[in-house]
Amino acid sequence: MSCFSADLNFCPECGNVLPLPGMQDTVCCPRCSFSIPVTEFSGQQIHSTVVFNPVEQSSVSVEDKDDSELKGAVIDRRCSRCNKEGMVYHTRQMRSADEGQTVFFTCIHCRYQEKEDS
């Protein structure tokens, strides 16, 4: 007897999400040994929704006096110069390929740049 009572999206043995039915005769749980005949899914509809963050919350575009533009995702990092929260970043491979990238952070308020070697 199963310890879960679930719909056909979840394994009744372990609660894991079941993969979508394919060309095989059975749908097997990737976590345990449970399997169910694909005919059990006949007539079932599968709905999914993707919700994206608003653009204004996830990125910034700031124009400077010299027409250079600052673009990128805003992260929660405090500027060491103006002490305000919010920086954008980009990475570059500055050293040999077997070493980590260098991350450049730019403050969206004062345009101060910091770098961090990883």
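The model shown is predicted, which means the values in this text are computed figures rather than measured ones.

A. Representation of the overall build of the chain. The helix and strand tally for the chain stands at one helix and seven strands. Each helix and strand of the chain, ordered N terminal to C terminal, gives the series β-β-α-β-β-β-β-β. Relative to its full complement of 118 residues, the chain shows a buried share of 19%. When contacts within the chain are restricted to residue pairs at least 6 apart in sequence, long-range pairs at least 24 apart make up 21% of them. Summed over all atoms, the accessible surface of the chain reaches about 9,200 Å², with 49% contributed by carbon and sulfur.

B. Molecular detail of the confidence of the model for the chain. With 81% of its residues at a pLDDT of at least 70, the chain reaches an overall mean of 80. Within the chain, strand β3 (residues 59-63) has the poorest average pLDDT of any element, 53, and strand β6 (residues 102-107) the best, 92.

C. Spotlight on the pairing of β6. Judged by how many residues are buried, β6 sits mostly within the fold: six of six residues are covered. Burial along β6 is two-sided: the face carrying Thr102, Phe104 and Thr106 and the face carrying Val103, Phe105 and Cys107 are both buried. Here strand β5 (residues 85-92) pairs with β6 via six bridges, running antiparallel. Pairing of Val88 across the sheet is with Thr106, part of β6. As paired strands, β6 and strand β7 (residues 113-117) are joined by five bridges and run antiparallel to one another. Looking across to β7, one finds that Thr106 is bridged to Gln113. Counting the residues that bridge the hairpin from β6 to β7 gives five residues, and of these Arg111 lies at a positive phi of roughly 70°.

D. Highlighting the pairing of β5. As defined by bridge partners, strand β4 (residues 69-78) adjoins β5 across three bridges and the pair is classed as antiparallel. Residue Ile75 lies in a different strand from β5, and its bridge partner there is Met87. Remark: six residues form the turn of the hairpin made by β4 and β5, two consecutive strands paired antiparallel; Asn83 in that turn has positive phi of roughly 65°.

E. Structural view of unusual backbone geometry. The residue Asn83 is not glycine, and still its phi comes out positive at about 65°. Locating Asn83 in the fold gives a position in the loop between β4 and β5.

F. How the structure looks around the nonpolar core. Core analysis: the largest hydrophobic core is formed by eight residues, namely Cys11, Cys14, Leu18, Val27, Cys29, Phe34, Ile36 and Phe41. When neighbours within four sequence positions are excluded, Phe41 is seen to be in contact with Leu8, Leu18, Pro21, Val27 and Ile36.

G. Geometry of the environment of Cys14. Mapped onto the secondary structure, Cys14 falls in the segment before β1 (26-28). Judged by relative accessible area, which is 18%, Cys14 ranks as buried. In this structure the C-alpha to C-alpha distance between Cys14 and Cys32, which are 18 residues apart in sequence, comes to 6.9 Å.

About the cut-offs
- What you see as residue numbers is a count from 1 along each chain, following the sequence as written.
- Reporting of local features is limited, given that this is a predicted model, to residues whose pLDDT is at least 70; pairs of side-chain atoms are given and counted only at 80 or more, and all residues count toward the totals for whole chains, interfaces and linings.
- To obtain the side-chain values, all non-hydrogen atoms of the structure were used and water was disregarded.
- Helix and strand labels come from DSSP, where a helix needs a run of H or I of at least four residues and a strand needs a run of E of at least two; each type is numbered from the N terminus.
- For each residue, the accessible area found with a 1.4 Å probe, counting protein chains only, is set against the maximum for its type, and the residue is called buried under 20%, exposed over 50%, and partly exposed in between.
- For this analysis, residues touch if any pair of their heavy atoms sits within 4.5 Å.
- For accessible areas, the Shrake-Rupley method is used with a probe of radius 1.4 Å. Any residue's cover is judged against the shown protein chains and nothing else.
- The predictor attaches a confidence to each residue, called pLDDT, with possible values from 0 through 100.
- Two strands pair if DSSP finds at least two bridges between them.
- Nine residue types can take part in a nonpolar core, namely buried Ala, Val, Leu, Ile, Met, Phe, Trp, Tyr and Cys, and a core is a set of them joined through side-chain atoms within 4.5 Å.

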